[in-house]
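Analysis of the macromolecular model
This is what each chain is made of:
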Amino acid sequence: MKRALSLILALCMLAAFAGCSTSGTNAPADAPASQPADLEQIDGKTELETSTGAEATGSGEQSLVVVALTADPGTLDPFSSNSLGRLYSLQGMYETIGAYYNGKFNLVMAKELTPVEDDTLEYPAYDVTFWDCIYDSNGNHFTVDDYLWCMEQYREIGKNTTVKAVEKFEQTGDWTVRIYMNTDSLGKFEDFIRQTWLVTRKSYEASEDGMATTPVGTGAYKITEYKSGATIRYTARDDYWQKDDSVKSAVQLANCNDYEIRIIKESNQIVIGLEAGEIDYASNLGYENSKRFMDGGSAAAGHYVDVFQNPGTEMLYLNCSAGSVFDNNPKLRQCVMHAIDIDSIINGVYSGYAMKAHDIACAINLADYPTQLDNEPYFEYDPELAASLLKETGYEPGQLTLRLMTKQSDAFEMMYCQAIQQNLRDIGIEVEILGYENALYEQYKTNPNEWDIITDTRGEYNYFAFAWTKLDTNNYSSDVKSECFVDDDHLYELVATAASAKTTSEEAILAVRDYNNEMAYARGLCAPYRFDVINSNKIAVLTRGELLRFLPGATTYVWN
Amino acid sequence: MVRYVIKRLLWIVPVILGVAILIFTLMYFTPGDPAAIILGSDATQLELDAQREAMGLNDPYIEQLGRFLRDVFLKGDFGRSYITNVEISQELAERLPRTVIIGVFSLLISMVIGVLLGIVAAIHRNGIADRLCMLIALVGVSMPQFWLGLMLVIVFSLRLHWLPNSGIGSPAHYILPCMAGSFGGIAEQARQTRSSMLEVIRSDYITTARAKGLPFSKVIFKHALPNALLPVLTLAGNTLAHVVSGSVVLETVFGIPGAGMYMISAVNNRDYPVVRACVILIAIIFGLTMLLLDIIYAFVDPKIKARYQKTAKVKAGGK
């Protein structure tokens, strides 16, 4: 009797598990076979529509805006490296010289930013003129001395690597600084400018913990409460230094008096919080968690879902180190590339919500992306070709086993690795998937003995050419050379040409692509769409800033 | 008794030292690169090498171990987190109370309800009440904490709007985590209590007490229960000792930034100073909990107290 009862209870538990969605990483459930109905294919690109919930029915009175974030910022000090959690948490409170969004650079602390016209300079230089009326929330005046001091701190602490692209700083006037770069790689200056938060030396030195928990910035908001790992409360400053609304950029606006970031690692809790009305915005929830908030969903009332391309492409690199299976074996590399059915990955893993890559990375509103690439074939899925290439390399079906390394923390990556495993098995190549936690993955990435194929993600970038970073040998030591370990000077010359501001051009970008298509060292897979869920009872028009991050201060609410 | 307690307290020190050396060595040989976590995945290899050098990770093992032991045992300084650069003792001072609150209240609830269920089950052995109590125990032992936690959130937070679903900020935020954390403990305590009580109830002195005409409640609570409590206390002590390590699931589900999550996050990020500090903390909590348990044993069972006193007298006489 007891045994029967135990068995029944265990079966009930299993049934209950099957009904629960998985936590943490938004793993997809069963996917529809066709494209989602709300997506249209236009000229090879996919237009994304926003599903809308009910009209905003808020009372018009201001209330706290709550943003859910899964990434813990860890520390609020300005000089550490910028993770996603930190970028979300520090914007609006700290400021930079400028911010990059809507396809252009928008000045914040700088009144002017002009490139220096000097042919004698090997690398670019820029003149920055700061506003002379910048004060932080402690009332301390921000001056050029503070800027130079901040740059010293960045160099000394060394955790923010963007500053390494700068050769030196020179004060050229009471409120002006000249910045000399030591590289002309595309995007390096923009990355440096937008990722170096600026604070006053006085406030920093007055802080007992280097502003790790008690930050003081010059932004439109100040942090009034911080519970490590839990919540960060922001309140709009009455004494914000920029009084001229006509020159304010989006990051300087304060349309809501108070907003709060809640760090919630469990995605199911975020969904519950949204349904209960405790959370007003959540980013990147995934299709399965978001569909209940879409039109016709159980929680659609009072919510809408933004579905759009996320800046970030899934990529594949092949280990071409000396002695590896792919070394001097372009046919085998081509075989692997043509064996992958990217359409079925998009449909099966991402439920259709991903954009196919036509080069190493997907272009998301990047001015230098050659748009004609979207209509050109790119490692087309051809299992027969792949099988014949395998035969030509001398491997019999079942003879070759490859190790595919990925991050186990990302459920989608694990899933598409399984899809790739099956694709390669279909043509006779066995694949062993090695899923590692982040720390191990990062360590093994530069060890050619640990993997044959690796998945990686290229995140934020302002220029398409920047997407080739992992094949830029300047970023690696002489024995590693690049993500692929390949000893190919011609490749590196092409990448350097495309990545340099002086020599980049559409031809240069296409040259890298064409060469890589021939040599098949790496490929882009797809860029998954992002699903953001928004409380329409509070948020009328959502505004995004850098790399499509939500800007609570710039968003239009029902009370505005 | 006092001498016994002091001796036990002194023994904790070499144990902690051994634990510190062991955890340092284990983390030293564990693969993984904290520099890559700090700088992010887009950092170049050259930048990673420089960061490792700056963090002292390229120093020899003995040098790193010596530095660590000197800082912890001579200065009482656990250092700063590699990732957040915040003083670890400051973070733990903020996070540990949250974990302890959940752990202690879960334990209290599980003891009160579990012991009562166990007593009822023992008294009504093989009856309906016994079967019902044991069914509850079976369900409690089988049910995963994270599932139960989410179900409680759906019912009490989403549907009834009685309690907050996650985070911290008020005593109400701790109710659901404590409920979820206590359920498994209720089951274990009920089963253990039932088992102990059944053994005790069959004793001659219980039969004598009942034959003397003592009220039934007095027989159970004054005579039977104290003798049945020792294994129950042992179980409670073990649960309390694991309050930090066992809280991770609840903290993750309910979004409570406690010491458990801090430790797990540090393990994933190879934040060596935090991992070491947390393990040492767990060792201290374990040692103190076992000592507390021994003291409680002495109060609950006079035979044990007499044994401690006799041992102390013999040793004193031996000098």
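Residues numbered from 1 in each chain as written. Chains lettered and ligands numbered in written order. Predicted model: local features only at pLDDT ≥ 70, side-chain atom pairs only at ≥ 80, totals over all residues. Heavy atoms only, no water.

**Considering the overall build of chain B**
Summing up its helical and strand segments, chain B has 14 helices and zero strands in all. Reading chain B from its N terminus to its C terminus gives the helix and strand order α-α-α-α-α-α-α-α-α-α-α-α-α-α. Dimensions of chain B along its principal axes, counting C-alpha atoms only, are 85 × 70 × 30 Å. Counting every position in chain B, which comprises 319 residues, the buried fraction comes to 48%. Put simply, 73% of the contacts in chain B that link residues at least 6 apart link residues at least 24 apart. Summed over all atoms, the accessible surface of chain B reaches about 15400 Å², with 67% contributed by carbon and sulfur. (Helix = DSSP H or I, 4+ residues; strand = E, 2+ residues; numbered from the N terminus. Buried < 20%, exposed > 50% of the residue type's maximum accessible area, 1.4 Å probe, protein only. Contact = heavy atoms within 4.5 Å. Areas by Shrake-Rupley, 256 points an atom, 1.4 Å probe, with all protein chains shown as cover.)

**Thoughts on the overall build of chain A**
The secondary structure content of chain A amounts to 14 helices and 22 strands. Within chain A, the fraction of its 560 residues that count as buried is 57%. Within the structure as shown, chain A displays about 22000 Å² of accessible surface, and the carbon and sulfur contribution to it stands at 47%.

**Let's talk about the packing of aromatic side chains**
All names here are of chain A. For the coordinates displayed, the defined rule picks out 33 aromatic pairs over all chains. Aromatic side chains Tyr 221 and Tyr 259 sit 4.9 Å apart centroid to centroid with 80 degrees between the ring planes, which places their arrangement in the edge-to-face category. Taken as a pair, Tyr 221 in strand S10 (residues 221–227) and Tyr 259 in strand S12 (residues 258–263) lie far apart in primary sequence, 38 residues in all. Comparing Tyr 221 with Tyr 259 shows no difference in burial state: the two are buried. Ring centres 4.9 Å apart and planes at 75 degrees place the aromatic pair Tyr 436 and Tyr 444 in the edge-to-face group. As far as burial versus exposure is concerned, Tyr 436 and Tyr 444 are alike and both buried. (Phe/Tyr/Trp six-rings, centres within 6.5 Å; stacked < 30°, edge-to-face > 60°.)

**A short note on the pairing of strand S19 (residues 453–458) of chain A**
Residues and elements named next belong to chain A. Counting buried residues in S19 gives five out of six residues, a clear majority hidden from the surface. One ladder, built from two bridges, connects strand S17 (residues 400–407) with S19; its direction is parallel. When the sheet's bridge partners are listed, Met 405 is paired in S19 with Ile 454. (Pairing = 2+ DSSP bridges.)

**What to know about the interface of chain B and chain A**
Opposite the 51 residues of chain B that make contact, chain A presents 50 residues. When chain B packs against chain A, the two sides together hide about 4100 Å² of surface, and 59% of this comes from carbon and sulfur. One can count one salt bridge joining chain B with chain A. One salt bridge in this structure joins A:Glu437 and B:Arg270, with 2.5 Å as the shortest N-O distance. Summed over the shared surface of chain B and chain A, the result is nine residue pairs in polar contact (both at pLDDT 80 or more). If you list the elements that add at least two residues to the side of chain B that touches chain A, you get helix H2 (34–39), helix H3 (45–54), helix H5 (88–123), helix H6 (128–142), helix H7 (145–159), helix H11 (248–254) and helix H12 (259–268) of chain B. When residues in the side of chain B that touches chain A are grouped by element, the largest group, eight residues, is from H7(B). When its residues are assigned to classes, the side of chain B that touches chain A shows 28 nonpolar, 15 polar and eight charged. (Buried area = accessible area lost by both parts, 1.4 Å probe. Salt bridge = Lys/Arg side-chain N within 4 Å of Asp/Glu carboxyl O. Polar contact = N/O pair within 3.5 Å; in protein donor to acceptor, adjacent residues only side chain to side chain. Nonpolar A, V, L, I, M, F, W, Y, C, P; charged D, E, K, R; others polar.)

**Brief notes about the packing of H12(B) against helix H13 (residues 272–300) of chain B**
All names here are of chain B. Across the interface, H12 lies against H13 with an axial gap of 8 Å and an inter-helix angle of 140 degrees. With respect to H13, the element H12 is oriented oblique. Classified by chirality, the crossing of H13 by H12 is left-handed. Counting all contacts with H12, which are made through Tyr 262, Met 263, Ala 266 and Val 267, the residues of H13 involved are Val 274, Val 275, Cys 278 and Ile 282. Split into classes, the residues belonging to the contact of H12 with H13 amount to eight nonpolar, no polar and no charged. (Axes fitted to C-alpha atoms, helices over the stretch in contact; angles between N-to-C directions. Parallel < 35°, antiparallel > 145°, perpendicular 65-115°, else oblique. Left-handed = near helix turned anticlockwise from the far one by under 90°.)

**What about the nonpolar core?**
All names here are of chain A. Grouped together as the largest cluster of nonpolar side chains are 76 residues, with contacts concentrated most on Ile 360, Ile 420, Leu 424, Ile 429 and Ile 453. Among the elements that make up this core, the one with the highest residue count is helix H14 (residues 506–519) (six residues). Non-local contacts of Ile 453, meaning those with residues more than four positions away in its chain, are made with Leu 316, Tyr 317, Leu 318, Phe 326, Val 336, Leu 402, Arg 403, Leu 404, Met 405 and Leu 424. Judged by nonpolar contacts, the second largest core, of 68 residues, contains Tyr 88, Val 177, Ile 179 and Tyr 259. (Core = buried A, V, L, I, M, F, W, Y, C linked by side-chain atoms within 4.5 Å.)

**Overview of the sheet that holds strand S9 (residues 176–181) of chain A**
Residues and elements named next belong to chain A. The four strands lie next to each other as S6-S7-S9-S8, forming an open sheet whose pairing is antiparallel. Since the sheet does not close on itself, it has two edges, and those belong to strand S6 (110–115) and strand S8 (166–171), each with one partner. Across this sheet, the average inter-strand angle for adjacent strands is 20 degrees, counted without regard to direction. Sheet analysis places S8 next to S9, joined by five bridges and oriented antiparallel.

**Some details on the pairing of strand S4 (residues 98–101) of chain A**
All names here are of chain A. Both faces of S4 are covered, namely the face carrying Gly 98 and Tyr 100 and the face carrying Ala 99 and Tyr 101. Of the pairings in the sheet, the one linking S4 to strand S5 (residues 104–107) comprises four bridges and is antiparallel in character. For Gly 98, the partnering residue across the bridge sits in S5 and is Leu 107.

**A word on unusual backbone geometry**
Working note: non-glycine residues mostly have negative phi, and peptide bonds are mostly trans. Positive phi, normally seen in glycine, also occurs at A:Asn328, with a value near 55 degrees. Here A:Asn328 lies in the loop between strand S15 (313–318) and helix H8 (330–339).

**Remarks on the pattern of salt bridges**
All names here are of chain A. Going through the model one piece at a time under the given rule, you end up with 35 salt bridges over all chains. One salt bridge connects Glu 260 with Arg 233, and the closest N-O pair in it is separated by 2.9 Å. Placement of Glu 260 in strand S12 and of Arg 233 in strand S11 (residues 231–236) is noted, with a sequence separation of 27 residues between them. A relative accessible area of 5% places Glu 260 in the buried class.

**Remarks on helix H11 (residues 411–426) of chain A**
Residue and element names in this part refer to chain A. For H11, built from 16 residues, the straight-helix expectation of 22 Å at 1.5 Å per residue is met to within 8% by its first-to-last C-alpha distance of 23 Å. Residues of H11 that are buried include every one of Ala 411, Phe 412, Glu 413, Tyr 416, Cys 417, Ile 420, Gln 421, Asn 423 and Leu 424, and no others. Where H11 begins, the side chain of Asp 410 points an oxygen toward the backbone nitrogen of Phe 412, at a separation of 2.9 Å. (Expected span 1.5 Å × (residues − 1).)

**Comments concerning helix H13 (residues 489–499) of chain A**
All names here are of chain A. Listing the buried residues of H13 in full gives Leu 491, Tyr 492, Leu 494, Val 495, Ala 498 and Ala 499. Across the axial projection of H13, the buried residues extend over an arc of 160 degrees, all falling on one side. Every exposed residue of H13 that faces more than 90 degrees away from the buried side is listed here: Asp 489 and Glu 493. Looking at the packing, one finds that the buried side of H13 touches H14. Capping of H13 at its N-terminal end is provided by Asp 488; its side-chain oxygen lies 3.2 Å from the backbone amide nitrogen of His 490. (Arc of directions from axis to C-beta.)

**Some words on the environment of B:Ser110**
Residues and elements named next belong to chain B. Here Ser 110 is to be found in helix H5. Residue classification places Ser 110 among the buried positions, given a relative accessible area of 3%. Separated by 77 residues in sequence, Ser 110 and Ala 187 place their C-alpha atoms 7.8 Å apart. Excluding its chain neighbours within four sequence positions, the residues that come into contact with Ser 110 are Val 115, Ser 182, Gly 185, Ile 186 and Gln 189.

**Topic: the side chain of B:Asp33**
Take B:Asp33: it is sitting in the loop between helix H1 (2–29) and H2. At 3.0 Å, the side chain of B:Asp33 forms a polar contact with the backbone nitrogen of B:Ala35. Within the structure, B:Asp33 has its side chain in polar contact with the side chain of B:Arg52 (distance 2.5 Å). In this structure, B:Asp33 is in contact with A:Ala439, A:Gln443, B:Arg52 and B:Arg270, ignoring residues within four places of it in sequence.

**Digging into the confidence of the model for chain A**
Averaged over all residues, the pLDDT of chain A equals 86, while 89% of them reach at least 70. Within the model, the stretch residues 18–59 of chain A combines pLDDT values under 50 with 92 contacts to residues more than four positions away or in other chains. (pLDDT = per-residue confidence, 0-100.)

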